[in-house]
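A look at the structure
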Amino acid sequence: MDEKEVDFEAIAQRYNVNLRKLEIEQLKLSKSLEIKDKINFKLAERVAGIENIFVRNRIISALVVMDNEELVEQEYFEDKIRFPYIPGFRAYRELPAMISVFNKLDEKPDFIFVKGDGILHPRGFGIASHFSLAINVPVIGISDNLVIGEVKKDEVFLNNKLSGKIIQTKEGAKPIYVSPGNFISVNTSALLCRKFTKEPHKFPEPLRLAKKYAKEIMKEIFSSNEF
């Protein structure tokens with residue numbers, strides 16, 4: 001079934017989720033965002049990437065930290081899924097595991113790449129924004145698809161405000177959509193995305209390694225028959 005044909009309101013009712021209440025919360029929290037460079041990113045040394053994957057009724061959140069091009073730390077957190085998949089509300093499904101794995105780190109990164117939207121979101125508060133506000137670290141959101149916004153060349157505007165950039169990181173592949181989550185500007189988010197993406201890959205290296213690590217953990221868990 002195509003995602004557009006799924007009745008997410010019915011899913012919300014089945015799980016007793018008040019979507020209107022969550023929408024109001026997202027709108028309120030979006031006003032706390034600072035879409036400007038909180039630090040001098042030219043001096044940033046540690047960068048992280050986080051990837052979430054789902055297996056049956058479980059979530060695995062994997063996080064890797066790099067110092068320049070060297071992998072210095074990787075952690076994961078695995079837990080039961082407690083919220084249904086509903087577009088626009090991913091954070092309520094994935095954020096608890098993301099915060100838990102972040103809290104396991106010995107040293108915190110200067111900024112983090114997240115697979116998902118930042119302010120390019122119907123209420124200006126995607127999972128990258130929610131995560132940043134929760135951990136107080138700059139976060140950059142990267143998505144495969146554009147769910148909202150007006151495209152003008154390589155820029156995306158939301159309510160007539162520059163909210164994201166379109167970047168062609170790999171020849172022959174679809175572009176990626178970059179938007180700040182919090183504590184970083186649109187332009188710096190795009191610059192850092194380009195800086196940390198290495199040929200022939202499509203996504204920034206920390207994000208690519210996080211996905212690879214998540215898959216490794218998934219295989220280990222399945223082979224140990226913990227489910």
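Our structure's up above, just so we're on the same page.
Now for a look at the structure at hand. (Residues numbered from 1 in each chain as written. Predicted model: local features only at pLDDT ≥ 70, side-chain atom pairs only at ≥ 80, totals over all residues. Heavy atoms only, no water.)

1. Focus on the environment of lysine 211
Convention followed: Going along the chain from the N terminus, every DSSP run of H or I of four or more residues is numbered as a helix, and every run of E of two or more is numbered as a strand. Burial status follows relative accessibility: with a 1.4 Å probe on protein chains alone, a residue under 20% of its type maximum counts as buried, one over 50% as exposed, and anything between as partly exposed.
Relative to the assigned elements, lysine 211 resides in helix 6 (residues 205-223). Assessed through its relative accessible area of 36%, lysine 211 is described here as partly exposed. In the structure, lysine 211 is positioned 162 residues away from glycine 49 in sequence and 8.6 Å away in space, judged by C-alpha atoms.

2. Description of the packing of aromatic side chains
Two measures describe an aromatic ring pair: the distance that separates the ring centres and the angle between the ring planes. For clarity, the cut-off: A pair of Phe, Tyr and Trp rings is counted when the ring centres sit within 6.5 Å of each other, with Trp represented by its six-membered ring. The angle between the planes then sorts it: under 30 degrees is stacked, over 60 is edge-to-face, the rest tilted. In this analysis the charged atom, NZ for Lys or CZ for Arg, is taken to sit over a ring once it is within 6 Å of the ring centre and within 35 degrees of the ring normal.
According to the stated counting rule, one finds eight aromatic pairs in the structure shown. Between phenylalanine 111 and phenylalanine 196, the aromatic rings sit 5.9 Å apart at their centres with planes inclined by 70°, giving edge-to-face as the arrangement. Linking phenylalanine 111 in strand 4 (residues 111-115) with phenylalanine 196 in helix 5 (residues 186-196), this pair joins segments that are 85 residues apart in sequence. For the pair phenylalanine 111 and phenylalanine 196, one class covers both residues: buried. Grouping aromatic residues by their ring pairs yields a cluster made of Phe41, Phe111, Phe113 and Phe196. One cation-aromatic arrangement involves lysine 38 over phenylalanine 183; the distance from NZ or CZ to the ring centre is 4.1 Å.

3. A look at the pattern of salt bridges
Our working definition: Throughout this description, the term salt bridge denotes a Lys or Arg side-chain nitrogen within 4 Å of a carboxyl oxygen of Asp or Glu.
Applying the stated criterion to the full structure yields 12 salt bridges. Between glutamate 23 and arginine 123 there is a salt bridge; the shortest N-O distance is 3.8 Å. With glutamate 23 in helix 2 (residues 19-30) and arginine 123 in the loop between strand 4 and helix 4 (127-135), the pair connects residues that are 100 residues apart, well separated along the chain. Overall, the relative accessible area of 22% leaves glutamate 23 in the partly exposed class. As a salt-bridge pair, glutamate 75 and lysine 104 come within 4.0 Å of each other at their nearest N and O atoms. Placement of glutamate 75 in strand 3 (residues 70-80) and of lysine 104 in the loop between helix 3 (90-102) and strand 4 is noted, with a sequence separation of 29 residues between them. Several salt bridges converge on common partners, so that one network encompasses Arg20, Glu23 and Arg123.

4. Observations regarding the environment of asparagine 16
Here asparagine 16 lies in the loop between helix 1 (8-14) and helix 2. By relative accessible area, which is 71% here, asparagine 16 ends up exposed. Distance from asparagine 16 to proline 84, taken between C-alpha atoms, is 10 Å for residues 68 residues apart in sequence.

So yeah, pure geometry; function would need other evidence.
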